[in-house]
Structures are given as structure tokens and as C-alpha cells.
Amino acid sequence: MVRTGSSGPTLIGMRIVLGVTGSIAAYKAVSLLRTLLREGAVVQVVMTPGATKFVAPLTFEVLSGHPVSTGVFEAHQEMKHLSLPEQADAIVIAPATANCLAKSALGLGDDLLSTMLLTSQCPVIIAPAMDGGMWMHPTVTEHVRTLRARGAIVVDPDEGLLASGKVGQGRLADEGTILAALQSALVPERDWHGHRVLISAGPTQEPIDPIRFISNRSSGKMGYALAEAAQARGAQVVLVSGPTALPVPQGIEIVSVATAEDMTKAMSLRLAWSTVVIMAAAVADFRPIQVASRKIKKQDQTDQTLALERTTDILAALSAQRTTQLLVGFAAETHDLIVHAKDKLIAKGLDLIVANDVTTAGAGFGSDQNAATLIDRQGTLTELPLMSKRAMAEAVLNKAQALLGVTASGQTSKPVAESVSTHRTAS
Ligand code: PMT
């Protein structure tokens, strides 16, 4: 029924109800429908009356090959509010308005979609889209919390330009993210079961004095997405994180660090435990030689020169110490991407490098999306166009999994493979 493709398991034969509510983002549900169909799902679309003001039901009808249900009363004779969720493997609501979130959280049923949610037993994936101010409103936050506590998977909206012309968080999450959420809800493929994955994320901060430091723009999103994806696929994950504003992912052990030195220690200490190491962190290459114990006052001198020294190259150090671990690095580049990334792959003795062109619009530091080229130790290139960081995390894990066996250290990773196959048999 389920096979693993390049970006995750497919949905062949899965019955999905796609709920569309009255948001300007309703048109994006058309593309989502096509993607679900392409992945092999059988899709039944349910629209709220508001959604039909934005996109005609006929569009969904023609594409899905099934009549679109809209009102609870017209569908009443067939008891669709009972039969649709009963037959569905999952319900995906995209876009979901603030009104839809509120009704679902409170258990109100005044249209087919909201009534269906009261009878459904299957996984529910909700992808909200609304104005940024609405998304941040405490009422909406409360409803989202209620829905999550009840087991619904709420896919946070993306940041960006909104219909109002303002910039904020409220754009419907990109398709890759919604699809990944659906796939992991439906197909809890635990193909990383038995692996112990050590991941670094975020920036480091190298102190100058008690209140100043050298750092960079890493938000940690890429590393956290990797940690969440590996955990969802059954791995035990330890995330060594520089300072970020991200919430602690559930079920993942976090080791918080600040400096490159802290990160070096935290990673080295756990190397022997791990089967796979992924360095997504943006580690400072230099740190001040002297850290002032008191705030450096501007009147002390007119000009200041900061003397810097190299930090430890963590990946190179891990590479020198490793036995059977698979080592994955990132390369954040602004030019000559492939040349520089290949140099790093070789110099640091890696099995795989994620060559990250951080000049691509909407990708790299801080954004919700990324674009990269995977380069493995044989020099094979795999292009990953602009996609959500979660979708990229899945692709990196897929590639890393294919490389498990013999690592770039020349040592066989047979004990790892054996432990994996033991667990696979058991699960
Ligand atoms: O955190 P986000 O906002 O989501 O952004 C994601 C990202 C852009 C930070 C991420 O995708 C990324 O590219 N991470 C690597 C950033 C980086 O430091 O690249 P680099 O080319 O300078 O380093 C190459 C590799 O060596 C990296 O795996 C890095 O973790 C590692 N390194 C670097 C310096 C050092 N002292 N020790 C290291 O191990």
C-alpha cells in the first residue's frame, strides 16, 4: 500500500477528505488536491459555504472525480456527516479559517465539515490561513492549543506577504509541509527505528564581554525540522541546540549550548552513543581571544580591534574520532556552491553534505523553506528545489539512509545496519 518515494511515503489508495473553508487561500487547495491525487490518494472534497465564494465547487469536482459536498442539510439524507469520516483515512482541512478553528475547538457543528469533525475517528490535519493579527490573537492561540491537545495536527502557517498587503504569519503552510504532516500521521513509517541520531542546530554565540557576542542569523529551524523528522521516523534523537526562539520539540532530548566550545563538548560526548550525526548548526568559525569580564565602555578607546581565534571545527574533530557513525554536514555558501561544498565534504571526511545556497530567495537562514543540493561521498548530486525545511529534512534522511553501510571513514557500519534490521523485524 505504501512505498517510499524521494520525499516521503506515498498515499496510494488512502481515502482523504479535503476540507476547504472560506479563506482567500482556498485556491491553493486546488493544487493540494492535485498533489494528493498524484500521490495516489482518493480525495473527497468538502467545502464550507464560505469556501464556495472563493473557488467554485465544480473545480474540485472535475479534478477529484467526485461530487463536492457543501451543506449539511443537502448531505443529510445520505448521512454524509457520518459516512465520510467513517470511510476516511484522514481529514485534511486546508485552508482552515479562524472560524473553523473556533468551531472545531468548541465542538460546534453548523455545516457539513464541522459536523463531520464531531464524528471522525481518523487523524485530522488542520492547516490554518488567516491575517497575521488573527493568528496571533489569544483566542486563536487557545483554540489551536485545544485542538492539538485533542490530537489534531495543526500545521503552523508560514510567514510572508498576506492578502492584506502586510507581512506576518498567516499564509497557508506550503504543500510540502502539509503533505509531510499527512504522511507522518497516516503512515507512521518507522524506518529509522533503532538509530540514534545526534543533530546540531542553531547559531553559537561567542562572547566579547558580558553583554555582547559574535553570532549569526541561524534560527535553528533546519536542525529542528531534522530532529522532528528523524523522531517521527522512529529514531532516538538528541538535539544539541544553540540559542533559538523555537519551542522544545516533544519527545526529543535537547542539550542547550551557547558557544562553539560548548557545542564541541556536547557533540563529542555523545558521538559514541550515536549512529548518525547531522551538523545543521551554524557554528562560529572565530571567537574573541579575550573575553572582557566587564562591559567594554566606549569611552575607553575611540576605536577597538577585536582579536579573534579559530574555534574547533566540530565536524572535522568528530570525523577524526568516529568509528561507524554516518556523518552529515551542511555547507552554507553564497557563491561557487558545489565547489566549496565538495571541498568541505572531503576536508571534513563526511558521507554527505547539504550544499545550501543561502542567497536563494526564501531559503537558508531564518526562513521556513530551504533549497539545496545533496552531495554524497561518491560525488552524486541530488537537487532539492525550494521546499519546506521539514520536506528537506525528509529528503536528507532518505539520502542518509541510502548511504548507511560503509561510511567515509572506510569502516563498515554493519553493527548499525544489524541493529536496524533487528528492530525492523521486531516492528
Ligand atoms: O537555522 P536556520 O535559520 O534554519 O538556517 C539553516 C542553516 C542555513 C543554518 C543550515 O541550513 C546550514 O546551512 N547550516 C550550516 C551553516 C554553516 O555553518 O555552514 P559552514 O559552511 O560554515 O560549515 C560547514 C559545516 O561545518 C556545517 O555542517 C557546520 O555545522 C560545520 N562546522 C562549522 C564550523 C565549525 N567550527 N564547526 C563545524 O562543525
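The rules behind the values
Residues numbered from 1 in each chain as written. Predicted model: local features only at pLDDT ≥ 70, side-chain atom pairs only at ≥ 80, totals over all residues. Heavy atoms only, no water. Helix = DSSP H or I, 4+ residues; strand = E, 2+ residues; numbered from the N terminus. Buried < 20%, exposed > 50% of the residue type's maximum accessible area, 1.4 Å probe, protein only. Areas by Shrake-Rupley, 256 points an atom, 1.4 Å probe, with all protein chains shown as cover. Axes fitted to C-alpha atoms, helices over the stretch in contact; angles between N-to-C directions. Parallel < 35°, antiparallel > 145°, perpendicular 65-115°, else oblique. Contact = heavy atoms within 4.5 Å. Nonpolar A, V, L, I, M, F, W, Y, C, P; charged D, E, K, R; others polar. Phe/Tyr/Trp six-rings, centres within 6.5 Å; stacked < 30°, edge-to-face > 60°. Lys NZ or Arg CZ within 6 Å of the ring centre and 35° of its normal. Expected span 1.5 Å × (residues − 1). Polar contact = N/O pair within 3.5 Å; in protein donor to acceptor, adjacent residues only side chain to side chain. Pairing = 2+ DSSP bridges. Core = buried A, V, L, I, M, F, W, Y, C linked by side-chain atoms within 4.5 Å. Near = heavy atom within 4 Å.

Novice: Which residues make up the overall build of the chain, and what values go with them?
Specialist: Within the chain, the secondary structure is distributed over 14 helices and 21 strands. Here the chain holds 427 residues, and 50% of them are scored as buried. Carbon together with sulfur atoms contributes 55% to the accessible area of the chain, which is approximately 19,600 Å² in total.

Novice: Which residues make up the packing of helix 1 (residues 28–38) against helix 2 (residues 57–64), and what values do they have?
Specialist: Packing of helix 1 against helix 2 leaves a shortest axis separation of 10 Å and a crossing angle of 10°. By the angle class used here, helix 1 and helix 2 are roughly parallel. Within the contact between the two elements, helix 1 uses Ala-29, Val-30, Leu-33, Arg-34 and Leu-37 and helix 2 uses Thr-59, Phe-60, Leu-63 and Ser-64. Here the residues of the contact of helix 1 with helix 2 are counted per class, giving 6 nonpolar, 2 polar and 1 charged.

Novice: How would you sum up the packing of aromatic side chains? Please name residues and give values.
Specialist: One pass over the full model with this rule turns up 0 aromatic pairs. Sitting over the face of the ring of Phe-286, Arg-310 holds its NZ or CZ atom 5.5 Å from the ring centroid.

Novice: Can you break down helix 8 (residues 175–186) residue by residue, with the values?
Specialist: Spanning 12 residues, helix 8 covers 16 Å between terminal C-alpha atoms, matching the ideal 16 Å at 1.5 Å per step. Within the sequence span of helix 8, burial applies to Thr-177, Ile-178, Leu-179, Ala-180, Ala-181, Leu-182, Gln-183 and Leu-186. Its side-chain oxygen 3.0 Å from the backbone nitrogen of Gly-176, Asp-174 forms the N-cap of helix 8.

Novice: Which residues make up the sheet that holds strand 3 (residues 15–20), and what values go with them?
Specialist: Here 5 strands make up an open sheet; going across it, the order is 4-3-5-6-7 and the pairing parallel. Both edges of this open sheet fall to strand 4 (42–47) and strand 7 (153–154), since each of them pairs with a single strand only. Relative to strand 5 (residues 90–96), strand 3 is paired through 4 bridges, and the arrangement is parallel. Paired with Gly-19 across the two strands is Ile-93, which belongs to strand 5.

Novice: Could you give me a rundown of the nonpolar core, with the residues and numbers involved?
Specialist: Ranked by internal contacts, the top residues of the largest apolar core, which has 35 residues, are Val-197, Ile-199, Leu-226, Ile-278, Val-328 and Val-396. Among residues more than four places away in sequence, those in contact with Leu-226 are Ile-199, Ile-278, Ala-280, Phe-330, Ala-393, Val-396 and Leu-397. The next biggest cluster of nonpolar side chains, apart from the first, holds 34 residues, and it includes Leu-18, Ala-51, Phe-60 and Val-155.

Novice: Before we move on, can you summarise the site of the ligand with the specific residues and values?
Specialist: Taken together, 29 residues sit near the ligand, with Ser-218, Ser-219, Lys-344, Asn-356 and Gly-366 positioned nearest. Phe-330 places a polar main-chain atom, nitrogen or oxygen, 2.9 Å from an oxygen atom of the ligand. Computed on the free molecule, the ligand has an accessible area of 770 Å², of which 96% lies beneath the protein chains in the complex. Only helix 9 (221–232), helix 11 (314–321) and strand 18 (326–333) provide two or more residues apiece to the shell around the ligand. Broken down by element, the residue count for the shell around the ligand peaks at 4 residues, all from strand 18. Taken together, the residues of the shell around the ligand sort by class into 13 nonpolar, 10 polar and 6 charged.

Novice: Account for the pairing of strand 10 (residues 196–201), with residues named and values stated.
Specialist: Here strand 10 lies mainly inside the structure; 5 of its 6 residues are buried. Across 6 bridges, strand 10 lies against strand 13 (residues 236–241) in parallel orientation. The residue of strand 13 that forms the bridge with Arg-196 is Gln-236. Where strand 10 meets strand 15 (residues 276–279), 4 bridges bridge the pair, whose relative direction is parallel. Within strand 15, the residue paired with Ile-199 across the bridge is Ile-278.

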